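# Chains, contacts and geometry: an overview
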Amino acid sequence: MRCLWGRTTALTCVSVMLLWPCGIGCAQGPHWRGERIVASQSFVEGGSTIQVDFATGDLDLSHSDVVSWVQASAHSVAVYYGRFPVARARVVIEPIAGESDSIHGTTWGGMGGFPAVTRIRLAQHATKDDLKDDWVMTHELVHTALPDLPDDQHWMEEGLATYIEPIARAGTGRLTEARVWAEFLHEMHNGEPERGDRGMNKTPTWGRTYWGGAMFCLMADVSIRRQTNDKKGLRDALRAVVDSGGGIDKDWPLSRVLQIGDHATGTSVLTDMYAKWSEKPVDVDLPALWKELGVSAGPNSGVVLDAKAPLAGIRDSISASK
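Summarised in this report is the structure supplied together with it. The shown structure was predicted, so the numbers you read here are calculated from the model rather than taken from an experiment.

Cut-off values and rules
- Residues numbered from 1 in each chain as written.
- Predicted model: local features only at pLDDT ≥ 70, side-chain atom pairs only at ≥ 80, totals over all residues.
- Heavy atoms only, no water.
- Axes fitted to C-alpha atoms, helices over the stretch in contact; angles between N-to-C directions.
- Helix = DSSP H or I, 4+ residues; strand = E, 2+ residues; numbered from the N terminus.
- Parallel < 35°, antiparallel > 145°, perpendicular 65-115°, else oblique.
- Left-handed = near helix turned anticlockwise from the far one by under 90°.
- Contact = heavy atoms within 4.5 Å.
- Nonpolar A, V, L, I, M, F, W, Y, C, P; charged D, E, K, R; others polar.
- Pairing = 2+ DSSP bridges.
- 1 Å grid on protein atoms, 1.4 Å probe; cavity = no way out; pocket = protein on both sides within 12 Å on 5 of 7 lines; lining within 4 Å.
- Points joined across faces, edges and corners; volume = space filled by probe spheres on them.
- Phe/Tyr/Trp six-rings, centres within 6.5 Å; stacked < 30°, edge-to-face > 60°.
- Lys NZ or Arg CZ within 6 Å of the ring centre and 35° of its normal.

With that settled, the discussion passes to the packing of helix α4 (residues 154–171) against helix α6 (residues 206–227). At a minimum axis distance of 7 Å, the contact between α4 and α6 shows a crossing angle of 70°. By the angle class used here, α4 and α6 are roughly perpendicular. Crossing hand, α4 versus α6: right-handed. Each of H154, W155, M156, E158, G159, L160, T162 and Y163 in α4 lies in contact with α6, whose residues at this interface are R208, T209, Y210, W211, G213, A214, F216, C217, L218 and D221. For the contact of α4 with α6, the per-class residue count stands at ten nonpolar, five polar and three charged.

In the sheet, strand β6 (residues 103–111) pairs with strand β7 (residues 114–123) via eight bridges, with the strands oriented antiparallel. By the bridge assignment for β7, W108 is matched with V117. Counting the residues that bridge the hairpin from β6 to β7 gives two residues, and of these G112 lies at a positive phi of roughly 60°.

A separate point is empty space enclosed by the protein. Counting across every chain of the model gives two cavities of 30 Å³ or more. Its volume calculated, the largest cavity comes out at about 90 Å³. Lining of the largest cavity is provided by L146, M156, L160, F216, C217, A220, L234, L238, L254, V257, L258 and L270. Elements with a contribution of two residues or more to the lining of the largest cavity: α4, α6, α7 (234–243) and α8 (254–265).

We now examine the packing of aromatic side chains. Applying the stated criterion across every chain yields a total of seven aromatic pairs. Relative to F184, the ring of Y163 lies with its centre 5.3 Å away and its plane at 15°, an arrangement referred to as stacked. Highlighted residues: Y163 in helix α4 and F184 in helix α5 (residues 177–187), separated in sequence by 21 residues. Taken together through their ring pairs, the aromatic side chains of W155, F216, Y274 and W277 make up a single cluster. A cation sits over an aromatic face here: R88 above F114, 4.2 Å from the ring centre. Note that R256 overlies the ring of W252, its terminal NZ or CZ placed 3.7 Å from the centroid.

Shown next, in the form of structure tokens:
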């Protein structure tokens, strides 16, 4: 189970899922966790069929608005990975009565006959603007692209989703390059090790799980691109995992994921980094990294991007998903 309660607030997830055996079209009607499904629509994206079900409850938004949001998020994920990561996926929209703008998500693998099932708890009074600026849906669908890992490697699941989500949205024009780097610049420090840190596998704090994992991904992406003269990146490694059948419905050891990724890039970056980061804290000089990438703080929590920085080309390749 991959659970997102908030990327800028502490993680809280206690969930019980019940999938009734009867499906679409059965006599009693389809259900989700005891709640009746009142409408269902499907679309094809990136070679995958994605079913969007609406549980009982009121929404100010139309069903078509919500399906368009899911489809845009699925498209961003499919573009990043070269296809949608699993052959079939189900997204259940569960309205939250009285809420104005909250969006929460949880994703499971291999549930109810679907390789991936995502529950989205969507505020009753959410607007089109809320959906347009949302990152939760894309984050959850990114989770479908990685095998289920042991609890002590949950940081890899959440770190990848935190890192890839804005890049994937930028790859389909839903975010600007500046927005991607502004988020990284202003949030990545949350992943730095603090006193008492025992490495990524043994420090399951919110900061290390989300942004520590994202920092690992950023450093891996930069390192791969350095070693391959920007011909390969983390995306190539992750595409290889998906192409090898490594979706969320699989239970693989992380070593297999890293080996597939390293083979695809012709490096040993992922395996080497994991050996160093997993059991002990690794300090990253983020100010030096931002300077090399040509990313500096701008007005209104924005950024200034320096086209002449030493790693400006790598920065552009990362955020352009190319």
